[in-house]
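# Observations on the three-dimensional arrangement
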Amino acid sequence: MHCPFCRHDGSRVVDSRTSDDGLAIRRRRECPACGRRYTTIETASLSIRKRSGAVEPFSRSKVIVGVRRACQGRPVSNDDLALLAHKVEETIRATGQAIVDSHEVGLAILGPLRELDEVAYLRFASVYSNFNSLEDFERAIADLRTAHAGRPVARA
Ligand SMILES: [Zn+2]
C-alpha cells in the first residue's frame, strides 16, 4: 500500500486494534518517507455468488434493502435492520468461506428475521422459499405456532 500523501511504498505499523465487532482490524501506519500517519482497515474478504454466477462483495446494505421490503408497515426500526444485517454477516463469516452462495445469505436472514417480526419473516420466506400455495404458508405458520408453544407468550 502506498502512502496516501507522498505515494511512498511501505509503512510502519504504529498501532493495531480490532474493531468492536471483531470483524476488522484498524492499523495506524506511519510513512518512513514523509513521517505522516494514516489508518488502514483490514477485513477478511467475503464475496457472494449470485444465482447468475456473478460474484460481488458482501454488502450489509443489500441485506437491509432486501429485508426492509418485507418489513414495510411493520414496527421494525433502522437499528433493528442494522443489527439483523450484522448478525447475518457474522453467521456467514463463521462459515470461514471467502465466497458464499446468495442462497446461504437468504438462509442466514430467516433466523434473525423470525425473531424480529414474524409477519415480515413470512413475507420474506414466501419470496425466498418460493411459496406457491396456501399449504406452504400453512406449514410455515404451523412451525411458528410450534415455536410459540415452547416459550412464554409475551405479546399484546
Ligand atoms: Zn509518505
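An unreviewed UniProt entry lists the protein chain under the name Transcriptional repressor NrdR, with Actinomyces denticolens given as the organism. In its Function (unreviewed entry) section, the UniProt entry covering the protein chain states "Negatively regulates transcription of bacterial ribonucleotide reductase nrd genes and operons by binding to NrdR-boxes." Among the UniProt annotations of the protein chain, the heading Sequence similarities (unreviewed entry) holds the following wording: "Belongs to the NrdR family."

Here we take up the packing of helix α4 (residues 118-128) against helix α5 (residues 134-149). Where α4 contacts α5, the axes come no closer than 11 Å and their chain directions differ by 145 degrees. Once α4 is placed against α5, the crossing between them reads as right-handed. For the pair α4 and α5, the contacting residues are Glu118, Tyr121, Leu122 and Ser126 in the first and Phe137, Ala140, Ile141, Leu144 and His148 in the second. Looking at the contact of α4 with α5 residue by residue, the classes come out as six nonpolar, two polar and one charged.

Right, let's get into the coordination of the zinc ion. At 2.3 to 2.4 Å from the zinc ion lie its protein donor atoms, namely Cys3 (SG), Cys6 (SG), Cys31 (SG) and Cys34 (SG). For the zinc ion, the four donor atoms are set out with angles of 105 to 119 degrees between them, so the coordination reads as tetrahedral. As a motif over one chain, the donors of the zinc ion read C-x2-C-x24-C-x2-C. Look at Cys6 and you get partly exposed, because its relative accessible area is 34%.

Enumeration according to the criterion identifies two aromatic pairs in this entry. Ring geometry for Phe124 against Tyr128: centres 6.0 Å apart, planes inclined by 15 degrees, an arrangement best described as stacked. In this pair, Phe124 and Tyr128 both sit in helix α4, four residues apart, roughly one turn of the helix. Under the relative-accessibility criterion, Phe124 is labelled buried at 13%.

This part takes up the packing of helix α1 (residues 60-70) against helix α2 (residues 78-93). It is the contact of α1 with α2, at a shortest axis distance of 9 Å, that shows an interaxial angle of 125 degrees. For the element pair α1 / α2, the angle class is oblique. In the packing of α1 onto α2, the handedness of the crossing is right-handed. Two secondary-structure elements touch here, α1 through Arg60, Val63, Ile64, Val67 and Arg68 and α2 through Asn78, Leu81, Ala82, Leu84, Ala85, His86, Val88 and Glu89. Among the residues forming the contact of α1 with α2, the class breakdown is eight nonpolar, two polar and three charged.

Analysis parameters
Residues numbered from 1 in each chain as written. Predicted model: local features only at pLDDT ≥ 70, side-chain atom pairs only at ≥ 80, totals over all residues. Heavy atoms only, no water. UniProt positions renumbered as here; feature names shortened; annotations may be inferred. Axes fitted to C-alpha atoms, helices over the stretch in contact; angles between N-to-C directions. Helix = DSSP H or I, 4+ residues; strand = E, 2+ residues; numbered from the N terminus. Left-handed = near helix turned anticlockwise from the far one by under 90°. Contact = heavy atoms within 4.5 Å. Nonpolar A, V, L, I, M, F, W, Y, C, P; charged D, E, K, R; others polar. Donors = N, O, S within 2.8 Å, 3.2 Å for Na, K, Ca; no water. Tetrahedral: all angles 85-135°; square planar, octahedral: opposite > 155°, others 65-115°. Buried < 20%, exposed > 50% of the residue type's maximum accessible area, 1.4 Å probe, protein only. Phe/Tyr/Trp six-rings, centres within 6.5 Å; stacked < 30°, edge-to-face > 60°. Parallel < 35°, antiparallel > 145°, perpendicular 65-115°, else oblique.

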